[in-house]
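Results of the structural survey
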Amino acid sequence: MSRKFLSGNEAFAEGIRLARPQVISAYPITPQTIVVERLSEMVEDGSLKAEYVHVESEHSALSCAIGASAAGARAFTATSSQGLLYMAECLYYAAGGRFPIVMMNADRSTALPWNIYGDQRDSLSQLDSGWIQSYAENAQEALDLALMSYKIAEDKRVQTPYMANLDGFVLTHTYETVDIPTHEQADKFLPSYVTDNRIDFENPKNMAFSAGPDTNYIFKYKEHKGLLAAAEVIGETEKEFAEIFGRHYTGLTENYRTEDAEYIIVTLGSIAGLCRETADKLRENGVKAGVVRIRYMRPFPNKEIADVLRNVRAYAVLEKDISFGNEGTVFTNVNSALKKAGIDVKGYNFIGGLGGRNISAADIENIYKSIAKGTESVNFIGIGGEDNGK
Amino acid sequence: MRPYIREKKDFSFSEVPENTSFEAGYLTTVNSGWRSIRPVINTEKCVDCEQCYLYCPDGVISIKDGKAAIDYDFCKGCGICAKICKIKAIEMEAERK
Amino acid sequence: MANKVAESISREEYFYGHKACAGCGGSLAVRAALKVLGPNAVSVLPAGCMSAVGFNFPQLCFSNNSIISTFAGTASMLTGVEAGLRARGYKDFTAVGFAGDGGTADIGIQALSGAIDRNDNIIYICYDNEAYMNTGIQKSGLTPFGAKTTTTPAGSNIHGNIRPKKNMFEIAAAHDIPYAATASVGYIYDFIQKVQKASQIQGTKYIHVIAPCPTGWGVAPDETVDIAKEVVDCGLWYLAEYENGTFKLNHKPKEFTDVTAYLKKQGRFKHLTDEDIQIITASRDKKWEYINKNFEL
C-alpha cells in the first residue's frame, strides 16, 4: 500500500487500475477528462494492461463498453453532463442487457445555459435508467468505490451496471492524501469477471434481442429485482472490503449524529462535510442537528431513510438539482420512502449549488433555521432575498 | 448447425432468462404459412448447378444426393429459385392446403 | 456438377427461420456473408430489418454469436466486441457488422468513421435497400434520386427524392481504409469473394452491397436477384474495390442496359418523367467518366 496526494479523478483512476478493466473506452469531457488521461498513462507505462479505445463520441464510448462486456470482458468508461445525456440511450441499453459495466460520472451541470461546473442534474436525471448510482464524498471513498463497483455490479444476484458519481470540480479536482492498495490486496478482493451473459463459441448466443408484450414485463421485473438485490450485496461487499483494506463504509446511507436528532439535512456528495461541521456548531448551541449522506441513490435506501427520519421534527433535503416543474429529485425519492413507511414528518427541499454555485456554511445554517421555523416546500438557495427573485 | 425448431415454445416467469441473451438458433415458429405458391423441384432435370441453393434468401434449399431439396417449413414461396434456374427445373405451384 | 463458389463456403446456414419479407435482398446478403465467415463469426446488427426479423425472443434466427446494437452504434459495438474478445485471449473469430443504409450512411456514419479511423479489425457490411425499410420505406441518405418513399412522396410538384445517393464506398475509401468494396446480391459470387478477401485482411474492411427490397422498391418477390443484377448492368451501381490507395473496377459492362427499363419496372420510380430519367442517365454518365479516368481495371 502506498500513500499519495491525489485529486478525486486521479484517485478514482487508481481504483480502476486496481480493478483490472480489460477494455477502456475513452472520450474527453470536463471535468472527467483527467480520469481517462491517467488511465492512458497507466496503459503506456504498463501498470495497466487494457485495450484502450479512443472512441469518437460518448454514445460510442458506452456502446463500445457494452460490446466489450458482451464479449465477457470487464469494461470501463467515464463521462459527464452533456456526454452522459448523449449516451442516455445506451444507459438503458446496458442496464436492460444486464451488463455490469462501471462508469465514472463527474457530476456537472447540463446545458442550457452551458456550464462546466459541478451540480448533480446530469446523473439524477438518469435515475430511471437502471444503473446502480453511488455518490462519493472524498477521494479515498472514490478510489474505494471504484474497486467495490465491479464486485457489486458483477455479482450474480445483481448483474447491473454501476455509475460512480463524483462532484464535478469540488471532488474531481481537489486533492487529498489517499491510501492506494496493492494489486495483491485488490486481486484478493476482486476476482476476474465470470458470466454466461457473453459471446461463447462453444454455446453461441443471440444477445440484446427483442421481447414482445408477452415477456417484456418479465425481463423488466427481473432487471428491477437485480438492482434491488444490490442493497444486500453492497453490505456484504463493504464488510469484505473492511476486512481486507481496513476501511469501513456504512451502506446506502451514512448517518451523522442522527440518533436523537430533531432536525436533519439529507444530502449527497461532498457538501456533506460542511453540513456535518454546521451540525456540530448547532449542537454546541443546543440544537439537535444531524446529517444523512445518501451514498447510493439506486438502489434507493427506502428503509434507511424511513428509519432515520421517523422521529425528527423536520428534515431538509439539500440537493444540487431540480426536476423542472416540480421539485428536486432526491426530495421526491425521500418523501416517497416516508410515505411508503407511513411516516408523516415535515420535509423541505433546498436546491443549491446549481452550475457550481458555492453553498456556504451560512447557507446550511440557514437551512436548519428555516426548517425549524417552517418554510416553503421547495426553496432555491440564493433566491428569495428582497432583490433576488421573490 | 442451422437454427432449428425446438420443443419448448413458451417460457414461464422463471424460465425467461435473467438477461437478454439466449441460446443461438432457437426457433419456435415456422414460415410455411406465408406461402400462396410453393417451388417444386424436378429432380430429374436438376443438374446440381447450385444456383438456387446460393440465391435463396432464406437458405431453405440444400443439396441432397446431388439434387436440390427444399425445407418447406421455412420456404416463403418468393420464387427466386424458379426464376434463377436456367434449365427451368423448378416450377411454382399453388400452395396445397 | 460441383459449383466452386458453393464448395468454398460453409454448407451450414447461420441465418435461418427469420421473418424477413419473401424475396428479401438483405437477408440474402447476411446469409451469404455468414456462410463465408463460418461459425466463429460474431455478428453485430443495429435496429433495422435484419435485426427486427431475426431476434424476437424466443425466435432467435442466428446460429452464430450475434447481438443487436443501438441504431447509431453498430461500428462502436463492433469495436467493443472485437477488443473484448481479444482482451480475453480469443484469436480465431471475425467481428462482422450488418447495417442497413440508414444505419450506415445516416445515423451510423459517425461510429463507422471512428472505427475506420482506429482501424479496428472488423468487417462492416452495409446492406443497402435504399431507404429506411424496416419502418416502412422512408428516405435515407442512400435513397437514389427520384425514388418515391413515404417521406418523399411523388407528386406533381416534387417527383420523389431530390437528392442523390451519398457515396459511402468513396467516403470509406477517403479514410484510406485498408479495404473497401461495392457489391450486389445480383452478383453473388463477386460478393462472396469480396467477403472472403475481407476476412483475410487486418484492419477495418467496408463492403457495400446493394440488396433490393421487393416491398420497398415495388417489384415482385422473385425479382430481387434480377433487379440487383440490372442495377449494375445499367451502370447505376458499380462493382469496385479500394485497396492500398487504389480504386479498381471489377466489372465494366461493355454496353449499359436501358436505364429506363430498370427504373420503370419498379413501383418507386413509376412516376418519373423523361426529364427525370435524363437527369439520372446524365449523372450515371458523369460518374462513369470519373470511374473510367480514375479506377484501374
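Residues numbered from 1 in each chain as written. Chains lettered and ligands numbered in written order. Predicted model: local features only at pLDDT ≥ 70, side-chain atom pairs only at ≥ 80, totals over all residues.

1. Considerations on the overall build of chain B
Of regular secondary structure, chain B possesses 2 helices and 7 strands. Starting at the N terminus, the α and β elements of chain B follow one another as β-β-β-β-α-β-β-α-β. For chain B, the C-alpha radius of gyration of 17 Å lies well beyond 13 Å, the compact-globule estimate for 97 residues. In terms of overall dimensions, chain B has C-alpha extents of about 55 × 30 × 20 Å along its principal axes. (Helix = DSSP H or I, 4+ residues; strand = E, 2+ residues; numbered from the N terminus. Rg over C-alpha atoms; globule rule 2.2 N^0.38 Å.)

2. Digging into the domain arrangement of chain A
All names here are of chain A. Annotation of chain A at the domain level lists domain 1 (2-245) and domain 2 (253-380). Here the C-alpha centre of domain 2 lies 27 Å away from the C-alpha centre of domain 1. Between domain 1 and domain 2, the contact holds 26 residues from the first and 21 residues from the second. Residue assignment for the side of domain 1 that touches domain 2 shows that the elements contributing at least two residues are helix H6 (121-124), strand E6 (132-135) and helix H9 (216-245). Counting residues per element, the side of domain 1 that touches domain 2 draws most heavily on H9, at 5 residues. Among the residues making up the side of domain 1 that touches domain 2, the classes are represented as 15 nonpolar, 7 polar and 4 charged. (Domains from an automatic or database assignment. Contact = placed C-beta atoms within 7 Å. Nonpolar A, V, L, I, M, F, W, Y, C, P; charged D, E, K, R; others polar.)

3. Remarks on the sheet that holds strand E2 (residues 21-23) of chain B
Pairing within the open sheet is mixed, and its 10 strands lie in the order E2(B)-E9(A)-E4(C)-E1(C)-E5(C)-E6(C)-E8(C)-E7(C)-E9(C)-E10(C). The two strands at the open ends of the sheet, each matched to only one other strand, are E2 of chain B together with strand E10 (246-249) of chain C. Going across the sheet, the axis of each strand differs from the next one's by a mean of 15°, ignoring polarity. For strand E9 (residues 205-207) of chain A and strand E4 (residues 66-68) of chain C, the ladder comprises 2 bridges, and the chain directions are parallel. The residue of E4(C) that forms the bridge with Met207(A) is Ile67(C). (Pairing = 2+ DSSP bridges. Axes fitted to C-alpha atoms, helices over the stretch in contact; angles between N-to-C directions.)

4. Quick word on helix H5 (residues 88-96) of chain A
All names here are of chain A. Buried within H5 are the following residues: Cys90, Leu91, Tyr93, Ala94 and Ala95. Lining the buried residues of H5 we find helix H3 (58-70) and H9. Phi turns positive, to about 60°, at Arg98, one or two residues after H5. (Buried ≥ 20, exposed ≤ 12 C-beta atoms within 10 Å, placed from the backbone.)

5. Comments concerning the confidence of the model for chain B
For chain B, the average pLDDT comes to 96, and 99% of its residues sit at 70 or higher. The ipTM assigned to the predicted complex is 0.97, against a pTM of 0.97. (pLDDT = per-residue confidence, 0-100.)

6. Observations concerning the interface of chain C and chain B
Of the residues lining the interface, 31 residues belong to chain C; the matching set on chain B comes to 32 residues. For the side of chain C that touches chain B, the secondary structure elements donating two or more residues are helix H2 (25-37), strand E3 (59-60) and helix H10 (224-233) of chain C. Of the residues that constitute the side of chain C that touches chain B, the class distribution is 16 nonpolar, 10 polar and 5 charged.

7. Some words on the nonpolar core
As a rule of thumb, nonpolar side chains are buried together in soluble globular proteins. Ranked by internal contacts, the top residues of the largest apolar core, which has 246 residues, are Ile264(A), Ile125(C) and Val209(C). The element that contributes the greatest number of residues to this core is helix H7 (residues 139-154) of chain A, accounting for 10 residues. Each of domain 1 (2-245) and domain 2 (253-380) of chain A gives at least three residues to this core. (Core = buried A, V, L, I, M, F, W, Y, C linked by C-beta atoms within 7 Å.)

8. Considerations on the environment of Thr150(C)
Residue and element names in this part refer to chain C. Mapping Thr150 onto the fold places it in the loop between strand E6 (123-128) and helix H7 (168-174). Put simply, Thr150 and Asp106 are 44 residues apart on the chain and 17 Å apart in space, counted from C-alpha to C-alpha. Not counting residues within four places of it along the chain, the set of residues in contact with Thr150 comprises Gly136, Ile137 and Gln138.

9. Describing the pairing of strand E14 (residues 314-319) of chain A
Regular strands place side chains that alternate from one sheet face to the opposite one. Residue and element names in this part refer to chain A. Here E14 lies mainly inside the structure; 5 of its 6 residues are buried. As paired elements, strand E11 (residues 263-268) and E14 share 5 bridges and run parallel to each other. From the neighbouring strand, Ile265 faces E14, where its bridge partner is Ala316. Of the strand pairs in this sheet, E14 and strand E15 (residues 346-351) are connected by 6 bridges, and their pairing is parallel. Residue pairing across strands places Ala314 opposite Lys346, the latter belonging to E15.

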